[in-house]
Amino acid sequence: MTPTNAMSVDVEDYFQVSAFEPHIDRRDWDRWPHRVQANTERVLALFDETGVKATFFTLGWVAERYPGLIREIVAAGHELACHGYDHRRATEQTSEAFREDVTRAKKLLEDTGGVAVIGYRAASYSIGRDNLWALEVLQQVGFRYSSSIYPVKHDLYGMPEAPRFAFRPEVAPQLLEIPITTRDFLGRRWPCGGGGFFRLYPYAFSRWQLRQVNREGQPAIFYFHPWEIDPGQPRPKGLGLKTRVRHYLNLGRMEARLRRLLRDFAWNTVANVFLNRTAYAH
């Protein structure tokens, strides 16, 4: 039987991406036009149209400003999960600061949504070999799973030696870590779990990759951001070529590709797909 895959959304606005940090100060975020509510509501409508339930890894910053949006996500039957408070990378925080950040964001989301929040995803997949202590912190503050490790080699993130599929870390054996989906092919590891790579590759290639993962008997985990279906978003000045390509490539095609993806595979929330499986390596 083909596995059901996990669909996830990282709820943040376009100006909050890590690549924009040198150009947009956090103190100026409220001066930029906010588009996260309208874009996330478009995502909710797309999921409703296709009958998909998903996990929304949401910033506490967004929940503070748009509590009604959080309640919409929960009312529609989706899973509410945590993306930290203000998209600060775990690699830039001490263990004490990280604990304060995730505790604050978890409580904010739970109080706003009226549901338990058991899942976490680090900003920019910023948990890796040098800060695995963060997984222990997540376990201690009450999370049951994390999806914060990307088992690829990348200039901004990645832990290529990490397992490709869900595992229980030695430092936090009660926590399930669910790496973003990859596939080993032609002597290299290919990302196939969404984000910019999904906008870069031809859709047929992405679909084929995910089907191969399912043929391994494994569920995939896929992610995207609400700003990725918004080609009309404001564009900061002074961005480098690499940043512009990564952020803006094929935004106009993303919604149509997503619609195909949602119909071509079976999807559910991260918790529903992964927490009921028992065979995870330590």
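This text goes with the structure placed above it.
Scope of this entry: the structure provided in the associated data block. All values reported here derive from a predicted model rather than from experimental measurement.

Parameters at a glance
Residues numbered from 1 in each chain as written. Predicted model: local features only at pLDDT ≥ 70, side-chain atom pairs only at ≥ 80, totals over all residues. Heavy atoms only, no water. Phe/Tyr/Trp six-rings, centres within 6.5 Å; stacked < 30°, edge-to-face > 60°. Helix = DSSP H or I, 4+ residues; strand = E, 2+ residues; numbered from the N terminus. Buried < 20%, exposed > 50% of the residue type's maximum accessible area, 1.4 Å probe, protein only. Lys NZ or Arg CZ within 6 Å of the ring centre and 35° of its normal. Core = buried A, V, L, I, M, F, W, Y, C linked by side-chain atoms within 4.5 Å. Contact = heavy atoms within 4.5 Å. Axes fitted to C-alpha atoms, helices over the stretch in contact; angles between N-to-C directions. Left-handed = near helix turned anticlockwise from the far one by under 90°. Nonpolar A, V, L, I, M, F, W, Y, C, P; charged D, E, K, R; others polar. 1 Å grid on protein atoms, 1.4 Å probe; cavity = no way out; pocket = protein on both sides within 12 Å on 5 of 7 lines; lining within 4 Å. Points joined across faces, edges and corners; volume = space filled by probe spheres on them. Salt bridge = Lys/Arg side-chain N within 4 Å of Asp/Glu carboxyl O. Polar contact = N/O pair within 3.5 Å; in protein donor to acceptor, adjacent residues only side chain to side chain. Pairing = 2+ DSSP bridges.

Observations regarding the packing of aromatic side chains
Within this structure, the stated rule accounts for 24 aromatic pairs. Where F98 meets W133, the ring centres are 5.7 Å apart and the plane angle is 85 degrees; that geometry is what we call edge-to-face. One end of the pair, F98, is in helix α4 (residues 95-113); the other, W133, is in helix α5 (residues 133-140), and 35 residues separate them in sequence. Note on F98: relative accessible area 0%, which makes it buried. Over the aromatic face of W190 sits the side chain of R188, whose NZ or CZ is 4.0 Å from the ring centroid. For the cation-ring pair, R235 lies above Y248, with the distance from its terminal atom to the ring centre recorded as 4.0 Å.

Topic: the nonpolar core
In this structure, M7, F47 and L261 are the most contacted members of the largest nonpolar core, which totals 69 residues. Those residues within four positions of F47 in sequence are excluded, and the remaining contacts are M7, V9, V52, A54, F56, H78, F224 and L262. Of all hydrophobic cores here, the second largest spans 19 residues; its members include I118, Y223, F274 and L275.

As for the packing of helix α1 (residues 36-50) against helix α9 (residues 251-264)
It is the contact of α1 with α9, at a shortest axis distance of 10 Å, that shows an interaxial angle of 35 degrees. α1 and α9 meet at a crossing whose hand is right-handed. For the pair α1 and α9, contact is made by R42, L46, F47, E49 and T50 and by E255, L258, R259, L262 and R263, respectively. Of the residues contributing to the contact of α1 with α9, the split by class is four nonpolar, one polar and five charged.

Digging into empty space enclosed by the protein
This structure, assessed with the given rule, holds three cavities of 30 Å³ or more. There is about 60 Å³ of room inside the largest cavity. Lining the largest cavity are eleven residues, with F165, A166, P179, P219 and F274 sitting closest to its centre. Looking at the lining of the largest cavity residue by residue, the class counts come to eight nonpolar, two polar and one charged.

Here's the deal with the side chain of R89
Turning to its location among the elements, R89 is positioned in the loop between β3 (79-82) and α4. When sequence neighbours within four positions are dropped, the list of residues in contact with R89 reads S18, E21, A123, S124 and S126.

Section: the pattern of salt bridges
In the structure shown here, the tally under the stated rule is 23 salt bridges. In this structure, the salt-bridge partner of R31 is D28, at a minimum N-O distance of 3.1 Å. A residue is classified by how much of its surface remains accessible, and R31, at 70% relative accessible area, is exposed. One salt bridge connects R89 with E92, and the closest N-O pair in it is separated by 3.1 Å. Classification of E92 as partly exposed rests on a relative accessible area of 44%. Overlapping salt bridges, with partners in common, bring together E21, R26, D86, R88, R89 and E92 in one network.

What about the side chain of Q233?
Within the secondary structure layout, Q233 lies in the loop between β9 (221-224) and α8 (241-248). We classify Q233 as buried; its relative accessible area is 3%. Separated by 2.9 Å, the side chain of Q233 and the backbone oxygen of W227 make a polar contact. The residues touching Q233, leaving out its near neighbours within four places in the chain, are Y14, R35, W227, H247, Y248 and L251.

A word on the pairing of strand β7 (residues 182-185)
Across four bridges, the pairing between β7 and strand β8 (residues 188-191) is antiparallel. Along β8, the bridge assignment pairs D184 with R189. The turn joining β7 and β8, which pair antiparallel and follow one another in sequence, is formed by two residues; a positive phi near 55 degrees is taken by L186.

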